[in-house]
Amino acid sequence: MKILGIETSCDETAAAVVENGSRLISNVVASQIEIHARYGGVVPEVASRQHLLTIIPTINRAMSGLTWRDIDGIAVTYGPGLAGSLLVGVNVAKAMALATALPIIGVNHLEAHVYANWLEDYPSAGGNGGVIFPCLCLIVSGGHSDLLLMKGHGEFERLGRTRDDAAGEAFDKAARILGLGYPGGPAIEQASLSGTPSVPLPRAWLKESHDFSFSGLKTSMWHLVHRGEVPAADAAASFQLAIADVLVTKTIEAAKQLQVQQILLSGGVAANKTITRRFLNNSPISVLVPPPHLCTDNAAMVAACGYYSFRSGKASDYSLDVVPSLGLG
Ligand code: KG4
Ligand code: ZN
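In this report, we go over the structure that sits alongside the text. All values reported here derive from a predicted model rather than from experimental measurement.

## What about the environment of H153?
Take H153: it is sitting in the loop between β7 (145–152) and β8 (155–160). In this structure the C-alpha to C-alpha distance between H153 and R311, which are 158 residues apart in sequence, comes to 9.9 Å. At 2.8 Å, the side chain of H153 forms a polar contact with the side chain of Y115.

## Section: the site of ligand 1
Near ligand 1 lie 21 residues; those nearest to it are G142, D172, G185, E189 and G268. In this structure, an oxygen atom belonging to ligand 1 sits 3.1 Å away from a main-chain N or O atom of G168. Here a nitrogen atom of ligand 1 and a side-chain polar atom of N272 are 3.1 Å apart. Coverage of ligand 1 by the protein amounts to 88% of the 550 Å² it exposes when considered alone. The pocket occupied by ligand 1, as judged from atoms lying within 2 Å of grid points, is the largest pocket. Contributing elements (two or more residues each) for the shell around ligand 1: α4 (109–115), α5 (167–177) and α6 (184–192). Take the shell around ligand 1: its biggest share by element is four residues, from α6. Residues of the shell around ligand 1, tallied by class, amount to six nonpolar, 12 polar and three charged. The residues that make up the shell around ligand 1 include at least three from each of domain 1 (2–122 + 294–311) and domain 2 (133–289).

## Some points on the sheet that holds β8
Across the sheet, which stays open at both edges, the five strands sit in the order β8-β7-β6-β9-β10 with mixed pairing between neighbours. The sheet terminates laterally at β8 and β10 (286–288), the two strands that pair on one side only. Sheet twist, expressed as the average angle between the axes of neighbouring strands with direction ignored, equals 25°. Across four bridges, the pairing between strand β6 (residues 135–140) and strand β9 (residues 262–266) is parallel.

## Quick notes on the packing of aromatic side chains
This structure, assessed with the given rule, holds seven aromatic pairs. When the centroid spacing of 5.5 Å and the interplanar angle of 85° are considered together, the rings of F171 and F239 count as edge-to-face. Linking F171 in helix α5 with F239 in helix α8 (residues 232–258), this pair joins segments that are 68 residues apart in sequence. The class for F171 is buried, based on a relative accessible area of 2%. Overall, F239 belongs to the buried group, its relative accessible area being 0%.

## With respect to the sheet that holds strand β4 (residues 73–79)
With respect to topology, five strands assemble into an open sheet ordered β3-β2-β1-β4-β5, the strand pairing being mixed. Each edge of the sheet is formed by a strand with only one pairing partner; in this case those strands are β3 (23–31) and β5 (104–108). Across the sheet, the mean angle from the axis of one strand to that of its neighbour is 20°, orientation sign disregarded. Two strands pair when backbone bridges link them, and strand β1 (residues 2–7) and β4 are joined in this way by four bridges, in the parallel orientation. Paired with G5 across the two strands is A75, which belongs to β4. Contacting β1, β2 (12–19) and β3, helix α2 (residues 44–62) runs over the sheet at an angle of about 20° to β2. Across the face of the sheet, helix α3 (residues 83–100) comes into contact with β1, β4 and β5 while running at roughly 155° to β4.

Parameters at a glance
- Residues numbered from 1 in each chain as written.
- Chains lettered and ligands numbered in written order.
- Predicted model: local features only at pLDDT ≥ 70, side-chain atom pairs only at ≥ 80, totals over all residues.
- Heavy atoms only, no water.
- Helix = DSSP H or I, 4+ residues; strand = E, 2+ residues; numbered from the N terminus.
- Polar contact = N/O pair within 3.5 Å; in protein donor to acceptor, adjacent residues only side chain to side chain.
- Near = heavy atom within 4 Å.
- Areas by Shrake-Rupley, 256 points an atom, 1.4 Å probe, with all protein chains shown as cover.
- 1 Å grid on protein atoms, 1.4 Å probe; cavity = no way out; pocket = protein on both sides within 12 Å on 5 of 7 lines; lining within 4 Å.
- Sits in = over half its atoms within 2 Å of the grid points.
- Nonpolar A, V, L, I, M, F, W, Y, C, P; charged D, E, K, R; others polar.
- Domains from an automatic or database assignment.
- Pairing = 2+ DSSP bridges.
- Axes fitted to C-alpha atoms, helices over the stretch in contact; angles between N-to-C directions.
- Phe/Tyr/Trp six-rings, centres within 6.5 Å; stacked < 30°, edge-to-face > 60°.
- Buried < 20%, exposed > 50% of the residue type's maximum accessible area, 1.4 Å probe, protein only.
- Contact = heavy atoms within 4.5 Å.

Shown next as structure tokens:
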């Protein structure tokens, strides 16, 4: 079964065709990063206009060599994300479903991130090649830092989330404080390569819960940089290590408490090698992490998630609408 996935929730226009929820047939991402970098962050109005310009060429590229007869369903992200951006993907998907008489499957962007772990065209970065339910999912993106128990396909129970900034948001803000570019995560990772994590920045452990908090760390970073006593590379490396330490320690602690046998990482921040290496080195149980280009926003994960939703009878209809504040679990 081949699913066409469509993703326009933020600043990437993406389309992909995935077979049986795992094999990538095509995976096209038209990034808007260069356009938004000028403004130091995503400008919603600019993002939706850009989606309008690129969505059809992006889908055509993903469909090259295929006909609509090869496709069994159209999966599209309907939330969470920017309303104007989501609307482009959802309406294009509905129009295409109507024209082709294919089923339409609305997909939760957060759930889609988790399903990047089912995409099989890469050597698993330390996992055992198959997901074992129940497992613990850490989704760390620009808008979310969620810890969830996944009991089966589409069955999530949220254990914790961020109380303030998401991990990716903290990376983006810290990069701005350091005068590095947008998006901040890759910029901080790059700057850290020539620094040492010599500054002991604070960690918010929130020991009584599985929640996260990164705004205090961001404030400490501001004071550190404005005192001007530490090289930027060392400040970046110290910040990255503080985030890695909190994510790894709290996730492994939750895994022990819940007695799960596997941890699934996902979301843009899971593209960070210091963070994934620390997970792989410290976890007593297996850790699955998609390759970096499948951690950041893409439509292959949407198609994979759509496949499992469709298989369990969760197709949508033409009343599908965007839900910008959609949560998971
Ligand atoms: O999942 P994603 O692509 O989009 C959202 O759904 O938000 O995540 C984007 C976030 C941004 O905040 C970006 O700075 C962060 O992921 N990110 C990284 C890295 N690559 C992207 N953070 C740390 N290290 C990276 N290599
Ligand atoms: Zn995302």
